[in-house]
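Survey of secondary and tertiary structure
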Amino acid sequence: MSDQSLVRLSGSARAPLPNATPAGQLDTSERAELTLVLRRRAALPAGVVAGPTVLTSHELAERYGADPADVDLVQQTLTGLGLEVTAVHPASRRIKVAGTLGELSSAFGVTLTQVTSTGPGGQVVTHRYREGPLYVPAALAGVVLAVLGLDTRPQFRAHFRTRDEGSAAAAAQGTSYPPNQVAGIYGFPAGTTGAGQTIAVIELGGGFSTSDLDTYFGGLSIAVPSITAVSVDGASNAPGSDPTGADVEVALDIDVIGAAAPGAAQVVYFAPNNGDQGFVDAISDAAHASPAPVAISISWGQSEDSWTAQGRTSMDAAMADAAALGITVCAAAGDNGSGDAVTDGQAHVDFPASSPHALGCGGTKLLADPSTGTISSEVVWNETAAGEGAGGGGVSDQFALPSWQATAGVPAQANGSSGGGRGVPDVSGNADPTTGYQVYADGKAQVVGGTSAVAPLWAALISRLAEATGQRFGLIQPTLYAGVTPGADVAGFRDITGGDNGAYAAGAGWDACTGLGSPDGAGLLKRLQS
């Protein structure tokens with residue numbers, strides 16, 4: 001850089017997009033708002049993240065939030081460059097800053113252009129674009145850890161799969177379930193509904209309508225739950241905006257939680273799918289909300305290798321905050337098997353499910369008698385041959401093996417790396433679209449699967465376990481993995497031993513297809529109570 005007053009921001013580099021095509025001249029007078037993530041005033045200890053003590057947002061801010069001196073320095077430095085500080089969130093260490101694209105480009109040493117590219121859903125989109133690293137004013141070196149929002153490429157996919165009613169698999173095994181039946185089959189604790197609990201739901205598009213909710217829950221003879229939409233970074237509840245995409249994801253999340261935990265209140269955070277910024281802001285807003293949710297359900301993601309390091313680190317830190325606040329983050333492990341839709345022929349895991357601060361949720365194919373709750377078969381979800389996806393899972397190459405997973409028998413990475421990493425998923429549940437969930441989106445009843453269904457299912461279960469025990473679980477994995485050894489059944493889970501997701505095969509005990517297994521709700525309750 002010729003301007004010596006700027007220093008490179010570690011972890012900010014973006015690789016070129018191979019399918020990016022110039023799309024006219026960028027208007028540098030257009031205003032935009034960015035999210036800056038600051039360092040902690042003190043490191044967040046693993047013991048605080050793991051509990052059992054639950055912090056309030058105020059306590060987190062006072063001990064592990066942004067240092068007031070750092071906040072003042074950032075504000076003074078950026079306003080001195082002609083930028084406007086629009087919001088300060090000390091607990092989540094975020095500062096919002098606005099200016100023209102010309103001013104923002106100059107402040108962070110980047111060249112922005114306007115391009116079209118193909119988004120994760122196959123759609124062609126026009127967006128702001130950058131390559132290479134960002135820079136920050138020298139005074140902020142080590143203080144600002146991330147600058148999010150300059151590149152607005154849609155980056156994340158919703159992990160749902162609609163059932164192809166004409167497929168051979170659907171014709172041969174056309175079983176589907178309303179979510180309350182799945183909760184019954186999995187033995188969610190009797191006498192609980194999630195009453196008194198709040199579940200936050202993260203959405204990067206789409207919307208829901210009151211009429212759809214009335215029709216769906218009325219058909220199940222369930223009162224429509226309390227559902228509130230919250231806007232993040234200018235996005236909002238937009239039903240009908242994406243009827244075959246994000247609208248289906250929103251309906252799946254709300255319908256699964258509402259039917260499996262009808263007493264829980266839902267707060268749905270609508271954020272833009274615009275690079276890292278909207279996703280990180282949504283999780284941070286949800287984690288620091290009042291009342292604090294008992295769980296956050298995330299059904300969106302992308303291969304962990306496709307993130308910028310600053311985006312991945314910022315989101316992981318936001319989920320660590322959530323754990324310290326007593327919130328269990330449930331994240332879908334992906335719908336494209338062990339390759340996670342990356343075309344290099346290697347194994348990849350999905351983020352945020354690969355974060356050690358998220359409960360990674362994998363997928364099974366469930367055949368059961370809903371009238372008796374008897375399961376006749378449950379194996380790894382893998383309909384790759386039929387073009388209907390497979391549950392994600394594997395071994396992270398970005399996150400080290402957590403201490404609580406050390407005795408579970410996580411294998412070496414399938415790519416041949418000698419290093420051990422975080423194993424994904426932790427838990428599983430019905431996800432195969434051929435045995436999917438009956439939901440209702442944009443005036444249409446349909447059957448939908450994907451690990452997108454498993455994250456809200458586990459969030460619903462967490463809410464009912466919290467109601468039954470009077471406890472918040474936060475980072476629940478140390479409890480779930482306690483005493484786990486390779487090849488051994490785990491109390492509170494149904495071990496899934498059949499099937500594979502590509503590079504990994506299921507087997508006794510934890511595996512990189514279905515984790516510890518699908519839930520035995522009553523068994524989990526007994527274990528947590530003991």
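Scroll up for the structure.
Below is a short write-up of the structure. Computed from a prediction, not measured in an experiment: that's the story for all the values here.

A few words now on the sheet that holds strand β11 (residues 161-162). What holds strands together in a sheet is hydrogen bonding between their backbones, with the strands either parallel or antiparallel. If you trace the three strands from one edge of the open sheet to the other, you get β11-β25-β24, paired in antiparallel fashion. Since the sheet does not close on itself, it has two edges, and those belong to β11 and β24 (437-441), each with one partner. Across the sheet, helix α8 (residues 246-260) touches β11, β24 and β25 (444-449), and the angle it forms with β24 is around 125 degrees.

Strand order in the open sheet formed by three strands is β2-β6-β7, with antiparallel pairing between adjacent strands. This sheet does not close on itself; its edge strands, each paired only once, are β2 (21-22) and β7 (124-129).

With that settled, the discussion passes to helix α3 (residues 68-80). Counted at 1.5 Å a residue, the expected span for α3 with its 13 residues is 18 Å, and the 18 Å between its end C-alpha atoms agrees. Among the residues making up α3, those that are buried are D70, V71, V74, T77 and L78. One side of α3 holds all its buried residues, which, seen down the axis, span an arc of 140 degrees. Projecting away from the buried face of α3 at angles above 90 degrees are the exposed residues Q76 and G80. Contacts made by the buried residues of α3 are with β3 (31-38), β4 (84-89), β5 (94-100), β8 (135-137) and β9 (144-148). The N-cap residue of α3 is D67: its side-chain oxygen and the backbone nitrogen of A69 are 2.8 Å apart. Following α3 by one or two positions, G82 adopts a phi angle in the positive range, close to 90 degrees.

This part takes up the side chain of T514. With respect to the secondary-structure elements, T514 resides in the loop between β26 (493-494) and β27 (518-519). In this structure T514 touches G363, T364, V380, P425, D426, V427, S428 and I496, once residues within four positions along its chain are discounted.

Let's shift gears to the packing of aromatic side chains. Counting across every chain of the model gives nine aromatic pairs. A centroid spacing of 6.0 Å and a plane angle of 20 degrees characterise the contact between W458 and F493, whose relative ring orientation is stacked. Placement of the pair is W458 in helix α11 (residues 451-469) and F493 in strand β26, with a sequence separation of 35 residues. Per residue, the accessibility class of W458 equals that of F493, and both read buried. Aromatic ring contacts, followed pair by pair, group F156, F279, W307, F351 and F399 into a single cluster.

Below, the discussion takes up the pattern of salt bridges. If you walk through the whole model with that rule in mind, you get 15 salt bridges. R31 serves as the salt-bridge partner of E84, at 3.0 Å between the closest nitrogen and oxygen. On the criterion of sequence distance, the pair formed by E84 in strand β4 and R31 in strand β3 is long-range, its members being 53 residues apart. The partner of R93 in a salt bridge is D321, with the nearest N and O atoms 4.0 Å apart.

The subject of this paragraph is the nonpolar core. Membership of the largest hydrophobic core comes to 123 residues, with the highest contact counts inside it found for I202, F279, I296 and W458. Tallying contributions element by element places α11 first for this core, with 11 residues. When residues no more than four places from it in sequence are discounted, the contact partners of W458 are C330, L359, C361, V427, S428, F493, P519 and L524. Residues L34, V97, L101 and V147 belong to the second largest nonpolar core, which totals 26 residues.

Rules used in this analysis
Residues numbered from 1 in each chain as written. Predicted model: local features only at pLDDT ≥ 70, side-chain atom pairs only at ≥ 80, totals over all residues. Heavy atoms only, no water. Pairing = 2+ DSSP bridges. Helix = DSSP H or I, 4+ residues; strand = E, 2+ residues; numbered from the N terminus. Contact = heavy atoms within 4.5 Å. Axes fitted to C-alpha atoms, helices over the stretch in contact; angles between N-to-C directions. Expected span 1.5 Å × (residues − 1). Buried < 20%, exposed > 50% of the residue type's maximum accessible area, 1.4 Å probe, protein only. Arc of directions from axis to C-beta. Polar contact = N/O pair within 3.5 Å; in protein donor to acceptor, adjacent residues only side chain to side chain. Phe/Tyr/Trp six-rings, centres within 6.5 Å; stacked < 30°, edge-to-face > 60°. Salt bridge = Lys/Arg side-chain N within 4 Å of Asp/Glu carboxyl O. Core = buried A, V, L, I, M, F, W, Y, C linked by side-chain atoms within 4.5 Å.

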